[in-house]
Amino acid sequence: MPKRKCKFSVKLQKKYTCFRRGRDDFEGECMICKPGTFVSVACKGGLNLQSHVDSEKHKRAIQGEASFLTDFFVTPGSNLEDEVTAAEGTFAFHTVKHHNNYNMMVCTSGPLRTTFPDYDIARIFSSAKTKTEALVNSVLAPDCLENVLKSIEENEVDFCGVSTGGSDHGSVKVFPIVIQYFDWKSGGLQSKIIEMQSQPNESADTISSYVKETLDSKGLLNKCIAFTGDNCNTMFGGMPWDSEGRNVFAKLKNELDNKTLIGVGCPAHILNNCVQQAAETLDVDVEGILFRIYQYFHIYRVRTEQLKEYCEFVDIEYKQLLSHSKTRWLSLFPSITRLVHLFPAVKAFFLSQNKPPTVLKNFFEHEFSEVYLLHLQSLMSIFHSNILELERENNSVVEVLKVLLCVHNMLTERKSNNFMCLKVKSLLAEKRKHGLSAECDKFCAEVNSLYGSCIEYLEKWMEPMKEFSCFMWMSLSESLEWDKVESSMKFLLDRHVSIDYGKCFDQFFNLRKFVNRYKGDEEFINLQAHQKWAKYFETSENMCQSELLKIAQVFFAIAPHNANVERIFSLMQSQWSKERGNLPFESLRSILLVQYNYKHFTCKEFHAYLLSNKQLLNRIRSTEKYA
């Protein structure tokens, strides 16, 4: 009868915790010695395991640097545990900050252990997709929101503005709510997401109730003095703004019980719509032509290769034709610029085809097709460069107003001089020599009408922004005069913001000394308005600046455009495409909260922030237990 064998039982594993089941039931594997150290228990059972534990080999493994016990045990409350926890939190933040897919965390632990085999943190560090997602959803996102509200309270921020807008996310409409406020202790103007939820519809009632409930739940209802949205009828009810009708702005005034709530449309949309409306007065539909040309080539490699041959023939470097966003007409500018560059080759290509699309054939046979493209490119260059300046992050209303006035002045000068670029004038001169004077005169009349349409539209939609002209002095780019400050005080008093006249007068002269001190300093002059004011309050920390601080807090709480909300939509679309549409909405919300509210953090700074926050480290550890 064969001898009965001993097995590696649960009882043995409890007694010898450094062992686990081996390749079969009759052996155990030592987890302290190098991988593959198997000990048979078939003959003597626990005595075999004890014999291995007492061996010199096992003792050297315990004492040596190659010990893998640290992979499994960390002393609670030790510096090493904090370092490991901070590293895992930082990697979760790194994944979100750099718009990476959560799946990248599946294979992070292994390469770290391989690359840094002697580094304790790397040996203990563990990561996984579900763990990273849990850290972002349950720890980092709530923490960044708590920090926003905490800084507002601790730094005595009394005023804020709110912005919102809607974007499609699958079958639902998503509305982020962004607040803007001035906190000189945190560097000046701050823009933060405080909520992002889907709504059943985009009616004025739904949006206004959602905004009010969010502000109320965050304790910001009484601090809100301004609302910013895009220029659609739902937000403001058209032009002139309907402050009593069924739109979000009017309803917020009623729900917040604030009849003096300041409303701001989006000037970026104004510039976008301005050039689009004006271009519709031209005889040629440039947008339609560009779209058809792009569609003709973008999925047909044979056609693209033929176009490359035409480029070589006319000695032009081939560049890929560009498409544009239908919702943002100014994105047409790069498309026009690319077509102008390739125009001789593209024209030759279409006119040589047997059966080209009729619309494109008619366009390239038109004597003035290139002239229209060149002139529209020249006009759109004004809008393109200025909208980039206008949408710059942390702009104030006066900086945006300056951009709008600059565009208006340029258009007025162009119209008075019937401006056309030299290339257009040269082509028109050639056309006149070929007997096309009447057509040239018609084009010149269209140019004048184009400028007129731009100016008319711009003046109409700039009107609400002009009420902020009383704050132009707050850019601190010119010598200060008291009467300009008085006009700002009147603006605030009309909106029930009390200012002590005497104190403000005394504080103003200290401000004027500060501005004069930096006169001619290019570095100071190039700062944004909020940075200049933050610098002023920082240097005057020991002085009483209560009234000027109140003016600054109200002024910088007014979001001058809706570009911050648009940036969130861009982040949302980017993350959504990376996850291929498989990201739950709650995870998307958390990612955007961290990305946007913690954008000022580098990964190194965030790691230091975690190490300095014991409470946050404990929250990370408690979350990891259930991830």
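This structure is a prediction, so every number in the text was calculated from the model and none was measured.

A. Highlighting the overall build of the protein. Of regular secondary structure, the protein possesses 28 helices and nine strands. When each of the 627 residues of the protein is scored for burial, the buried share is 50%. Residue pairs in contact within the protein that sit at least 24 positions apart in sequence constitute 70% of those at least 6 positions apart. Summing over all exposed atoms, the protein offers an accessible surface of approximately 30,600 Å²; the carbon and sulfur share of this is 51%.

B. Looking closely at helix α21 (residues 501–517). Taking 1.5 Å of rise per residue, 17 residues should cover 24 Å, and α21 covers 25 Å from first to last C-alpha, within 8% of that figure. Those residues of α21 not exposed but buried are C504, Q507, F508, N510, L511, F514 and V515. Tucked into the core, α21 has its buried residues touching α20 (482–493), α22 (522–525), α23 (529–539) and α24 (546–557). The N-cap of α21, judged by a side-chain oxygen 3.1 Å from the amide nitrogen of G502 a few residues on, is D500.

C. View of the packing of helix α4 (residues 79–97) against helix α7 (residues 129–154). At a minimum axis separation of 9 Å, α4 and α7 run at an interaxial angle of 90°. Classified by the interaxial angle, the pair formed by α4 and α7 is roughly perpendicular. Contact residues: α4 offers E88, G89, A92, F93, T95 and V96, while α7 offers K131, T132, L135, V136 and L140. Its residues assigned to classes, the contact of α4 with α7 shows six nonpolar, three polar and two charged.

D. Up close: the packing of α21 against α24. Their axes nearest at 7 Å, the elements α21 and α24 cross at an angle of 85°. On the basis of the axis angle, α21 is roughly perpendicular to α24. Only S546, E547, L548 and I551 of α24 make contact with α21, whose side of the interface consists of K503, C504, Q507, F508 and L511. For the contact of α21 with α24, the per-class residue count stands at five nonpolar, two polar and two charged.

E. Here's a closer look at the side chain of T37. With respect to the helices and strands, the residue T37 is situated in the loop between β2 (27–30) and β3 (38–40). Every residue in contact with T37, bar those within four places of it in the chain, is listed here: G28, E29, C30, H52 and K57.

F. Examining helix α27 (residues 603–611) more closely. For α27, the complete set of buried residues consists of C603, F606, Y609 and L610. Looking straight down α27, one finds its buried side chains confined to an arc of 115°; they lie on one side.

G. View of the pairing of strand β4 (residues 160–164). Here β4 lies mainly inside the structure; five of its five residues are buried. Burial of β4 is two-sided: the residues C160, V162 and T164 facing one way and the residues G161 and S163 facing the other way are all buried. Examined bridge by bridge, β4 and strand β8 (residues 224–228) share four bridges and lie parallel to one another. Looking at β8, one finds that C160 is bridged to C224.

H. Structural view of the nonpolar core. One finds F383, L511, W533 and I551 to be the most contacted residues of the largest nonpolar core, which totals 115 residues. A total of 12 residues in this core trace back to one element, the largest contributor, which is helix α19 (residues 437–462). Among residues more than four places away in sequence, those in contact with I551 are F471, W473, M474, M489, L492, I499 and C504. In this structure, L135, V174, M196 and V594 belong to the second largest nonpolar core, which totals 35 residues.

I. Geometry of the pairing of β8. In terms of burial, β8 is a largely internal element, five of the five residues being buried. Where β8 lies against strand β9 (residues 262–264), three bridges are found, and the strand directions are parallel. The residue of β9 that forms the bridge with T228 is V264.

J. Geometry of the sheet that holds β3. Strands sit in the order β1-β2-β3 across an open sheet of three strands; the sheet is antiparallel. The two strands at the open ends of the sheet, each matched to only one other strand, are β1 (19–21) and β3. On average, adjacent strands in this sheet sit at an angle of 40° to one another, irrespective of strand direction. Sheet topology note: the β2/β3 ladder contains three bridges and is antiparallel. Looking at β3, one finds that G28 is bridged to V39. On the sheet, helix α2 (residues 46–53) packs against β1, β2 and β3 and is oriented at approximately 140° with respect to β3.

K. Fine view of a negative patch on the surface. A contiguous patch of negative charge, built from E478, E481, D483 and E486, is present on the exposed surface. Residue placement: E478 occurs in the loop between α19 and α20. Take E478: its relative accessible area is 55%, and that puts it in the exposed class.

L. Spatial organisation of the pattern of salt bridges. As enumerated under the stated definition, the model contains 24 salt bridges in all. Residue K614 is joined to D82 by a salt bridge in which the shortest nitrogen-to-oxygen separation is 2.3 Å. Taken as a pair, K614 in helix α28 (residues 614–624) and D82 in helix α4 lie far apart in primary sequence, 532 residues in all. Residue K614 is classed as partly exposed on the basis of its relative accessible area, which comes to 44%. We note a salt bridge from K599 to E393, for which the minimum N-O separation is 2.5 Å.

M. Expanded view of unusual backbone geometry. At L476, a position not held by glycine, the phi torsion is positive, near 55°. You will see that H496, though not glycine, has its phi angle at about 65°, which is positive. If you trace the backbone, H496 turns up in the loop between α20 and α21. You can call H496 exposed: its relative accessible area is 68%.

N. Here's a closer look at the environment of H98. Assignment of secondary structure puts H98 in the loop between α4 and α5 (109–115). According to the relative accessible area criterion, H98 is partly exposed, its value standing at 39%. Considered as a pair, H98 and Q595 are 497 residues apart in the sequence and their alpha carbons are 8.4 Å apart.

O. How the structure looks around the packing of aromatic side chains. Following the criterion strictly, the structure yields 42 aromatic pairs and no others. Taking the centre distance of 5.0 Å and the plane angle of 25° together, the rings of F182 and F556 count as stacked. Residue F182 is found in strand β6 (residues 172–183), and its partner F556 is found in helix α24; the two are separated by 374 residues along the sequence. In this structure F556 comes out as buried when scored by relative accessible area, which is 0%. Judged by centre distance (5.3 Å) and plane angle (80°), the rings of Y296 and F297 are edge-to-face. Just as Y296 is buried, F297 falls in that class too.

P. Spatial organisation of the state of the cysteines. Applying the stated criterion to the full structure yields zero disulfides. Here C43 stays free of any disulfide, with the sulfur of C6 as its closest cysteine sulfur at 7.9 Å. Considering cysteine sulfurs only, C224 is the nearest to C160, which forms no disulfide, with 5.2 Å between them.

What counts as what
- Residues numbered from 1 in each chain as written.
- Predicted model: local features only at pLDDT ≥ 70, side-chain atom pairs only at ≥ 80, totals over all residues.
- Heavy atoms only, no water.
- Helix = DSSP H or I, 4+ residues; strand = E, 2+ residues; numbered from the N terminus.
- Buried < 20%, exposed > 50% of the residue type's maximum accessible area, 1.4 Å probe, protein only.
- Contact = heavy atoms within 4.5 Å.
- Areas by Shrake-Rupley, 256 points an atom, 1.4 Å probe, with all protein chains shown as cover.
- Expected span 1.5 Å × (residues − 1).
- Polar contact = N/O pair within 3.5 Å; in protein donor to acceptor, adjacent residues only side chain to side chain.
- Axes fitted to C-alpha atoms, helices over the stretch in contact; angles between N-to-C directions.
- Parallel < 35°, antiparallel > 145°, perpendicular 65-115°, else oblique.
- Nonpolar A, V, L, I, M, F, W, Y, C, P; charged D, E, K, R; others polar.
- Arc of directions from axis to C-beta.
- Pairing = 2+ DSSP bridges.
- Core = buried A, V, L, I, M, F, W, Y, C linked by side-chain atoms within 4.5 Å.
- Patch = residues over 30% accessible without salt bridge, like charges linked within 9 Å, V, L, I, M, F, W, Y side chains within 5 Å.
- Salt bridge = Lys/Arg side-chain N within 4 Å of Asp/Glu carboxyl O.
- Lys, Arg positive; Asp, Glu negative; His and termini not counted.
- Charge placed at Lys NZ, Arg CZ, Asp CG, Glu CD.
- Phe/Tyr/Trp six-rings, centres within 6.5 Å; stacked < 30°, edge-to-face > 60°.
- Disulfide = S-S within 2.5 Å.

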